[in-house]
Amino acid sequence: GDLRSVLITSVLSLERLELDLFRGRHHWVPATQRLFGGQIVGQALVAAARTVSRDEQVHSLHCYFVRAGDPKVPVLYEVGRTRSGKSFSVRSVKAIQHGQPIFTCQASFQRSQESPVHHQFTMPTVPLPEDLLTQEELIQKFLQNPNLAERYRKHLNKIQAEDVPIDIKPVNPPDVFSLEPQEPKQLFWVRARGYIGETDMKVHCCVAAYMSDYAFLGTALLPHRQYHIKFMVSLDHSMWFHAPFRADHWMLYECESPWAGGCRALVQGRLWRKDGVLAVTCAQEGVIRVVPTPNQSKL
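Residues numbered from 1 in each chain as written. Predicted model: local features only at pLDDT ≥ 70, side-chain atom pairs only at ≥ 80, totals over all residues. Heavy atoms only, no water.

Under an unreviewed UniProt entry, the name given to the protein chain is Acyl-coenzyme A thioesterase 8, and the organism recorded is Trogon melanurus. Quoted straight from UniProt, the Subunit (unreviewed entry) entry for the protein chain says "Homodimer." Listed under Subcellular location (unreviewed entry) in UniProt, the entry text for the protein chain is "Peroxisome matrix". (UniProt positions renumbered as here; feature names shortened; annotations may be inferred.)

Structure follows, in structure tokens:
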């Protein structure tokens, strides 16, 4: 009875135009009217994955965003078969709009190999997703505050109306009425909306690539909440896939920003399975420009 995830039926469903040429369309476009970076990363990985054998699984990808994406036209994904080896295969992907690359990516795939060398960090101890409110439920609580200024009410209603195909449960949601600096760390449970099921692991990796960019760079803003954001955009995005997982099951996304400066910020993330297995590691650098004038009170 579960509904099929829109991430599979629409967002990450590419049209094959030629052997190594694909076309992707858009589902959710942020308020910035730039294409969502996670969508481009996820679709690029889909294109690369469709040029390797089923027994090869993605273990890493490294991406650069070079131009803003135009939400009014589709994206073409051109795949280059850089190498096809016995253990590893490498694919390069170029995303194109208006005849120019907007994004480039290198993805590496590996056939399964056993090794006695194995270790991982320990998953943070946090409340289970069943004990937490969703992002929508938290917004609803904020909207019930009779003292909330109308412009912030409109902003929260706009967020509520967005058709983001991800379920999110923040572990320690920031206080929207406070401008106090916070540690540049956040934890939230995340999963794809709808059902994906047991399938090729590459499908779940593509969905995780989409999810990994949502709210990621915003981690770097938590110590600087007194500023208005003038401009914020991703420069690059890297992922390493460690263990099998289900993207339609709850995973803990642990995000932190070790550094910011020079109008840039670095963020790092880890996606943990509910059973404590480290499934994915992520890293991203982005541009953040702010208006020096402090925000006014939200009450």
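From this point, the narrative continues.
Q: Describe the overall build of the protein chain, naming the residues involved and giving the relevant values.
A: The secondary structure content of the protein chain amounts to five helices and 12 strands. A compact globule built from 299 residues should have a C-alpha radius of gyration of about 19 Å, and the protein chain, at 19 Å, falls within 12% of that. Projected onto its principal axes, the C-alpha coordinates of the protein chain cover approximately 60 × 45 × 45 Å. A buried classification covers 46% of the 299 residues belonging to the protein chain. Contacts in the protein chain between residues far apart in sequence, at least 24 positions, make up 73% of those at least 6 positions apart. Roughly 15,200 Å² of accessible area belongs to the protein chain as shown, and the carbon and sulfur atoms make up 53% of that amount. Computing the positive centroid from 34 side-chain charges and the negative centroid from 29, the protein chain places the two 5 Å apart. (Helix = DSSP H or I, 4+ residues; strand = E, 2+ residues; numbered from the N terminus. Rg over C-alpha atoms; globule rule 2.2 N^0.38 Å. Buried < 20%, exposed > 50% of the residue type's maximum accessible area, 1.4 Å probe, protein only. Contact = heavy atoms within 4.5 Å. Areas by Shrake-Rupley, 256 points an atom, 1.4 Å probe, with all protein chains shown as cover. Lys, Arg positive; Asp, Glu negative; His and termini not counted. Charge placed at Lys NZ, Arg CZ, Asp CG, Glu CD.)

Q: With reference to specific residues and values, describe the side chain of Thr51.
A: Within the element layout of this structure, Thr51 appears in the loop between helix 2 (37-49) and strand 3 (56-65). With relative accessibility at 6%, the residue Thr51 sits in the buried group. Engagement of the side chain of Thr51 in a polar contact is seen with the backbone oxygen of Ala48, the distance being 2.8 Å. Beyond its immediate sequence surroundings of up to four residues, Thr51 is in contact with Arg16, Asp20, Phe22, Val79, Arg81 and Arg91. (Polar contact = N/O pair within 3.5 Å; in protein donor to acceptor, adjacent residues only side chain to side chain.)

Q: For the pattern of salt bridges, give the residues involved together with the corresponding values.
A: Under the counting rule described, the total for this entry stands at 19 salt bridges. Notably, a salt bridge pairs Arg270 with Glu256, separated by 3.5 Å at the nearest N-O pair. Taken together, the positions of Arg270 in strand 11 (residues 264-273) and Glu256 in strand 10 (residues 251-261) put the pair 14 residues apart, joining distant regions of the chain. Of the two residues, Arg270 and Glu256, both sit in the buried class. A salt bridge links Arg273 to Asp275, with the shortest nitrogen-to-oxygen separation between them at 2.8 Å. (Salt bridge = Lys/Arg side-chain N within 4 Å of Asp/Glu carboxyl O.)

Q: Can you lay out the environment of Trp28 for me, pointing to particular residues and giving the numbers?
A: With respect to the helices and strands, Trp28 occurs in the loop between strand 2 (21-24) and helix 2. Taking the relative accessible area as the measure of exposure, Trp28 reaches 10% and is therefore buried. Once the C-alpha coordinates of Trp28 and Arg91 are considered, the two residues, 63 residues apart in sequence, prove to be 27 Å apart.

Q: Any chance you could break down helix 2 for me, citing the residues and the numbers?
A: Helix length check: helix 2 (13 residues) gives 18 Å between terminal C-alpha atoms against 18 Å at 1.5 Å per residue, within 8%. Counted residue by residue, helix 2 has 13 buried out of 13 residues, so it is predominantly covered. (Expected span 1.5 Å × (residues − 1).)

Q: Any details on the nonpolar core? Residues and values, ideally.
A: Formed by 66 residues in total, the largest nonpolar core has its most connected members in Ile40, Leu45, Tyr77, Phe103, Val207, Phe241 and Phe245. Core analysis: the second largest hydrophobic core is formed by nine residues, Met123, Val126, Trp250 and Trp272 among them. (Core = buried A, V, L, I, M, F, W, Y, C linked by side-chain atoms within 4.5 Å.)

Q: Can you break down the layout of surface pockets residue by residue, with the values?
A: In this approach, a probe sized like a water molecule rolls over the atoms, and the result shows the empty space that is left. Quantified by volume, the second largest pocket comes out at close to 930 Å³. Gln110, Gln113, Phe241, His242 and Ala243 are the residues nearest the centre of the second largest pocket, which is lined by 24 residues in total. Mapped by element, the contributors of at least two residues to the lining of the second largest pocket are strand 3, strand 6 (100-111), helix 5 (201-212) and strand 9 (227-241). Counting residues per element, the lining of the second largest pocket draws most heavily on strand 3, at three residues. Partitioning the lining of the second largest pocket into residue classes produces 11 nonpolar, 10 polar and three charged. (1 Å grid on protein atoms, 1.4 Å probe; cavity = no way out; pocket = protein on both sides within 12 Å on 5 of 7 lines; lining within 4 Å. Points joined across faces, edges and corners; volume = space filled by probe spheres on them. Nonpolar A, V, L, I, M, F, W, Y, C, P; charged D, E, K, R; others polar.)

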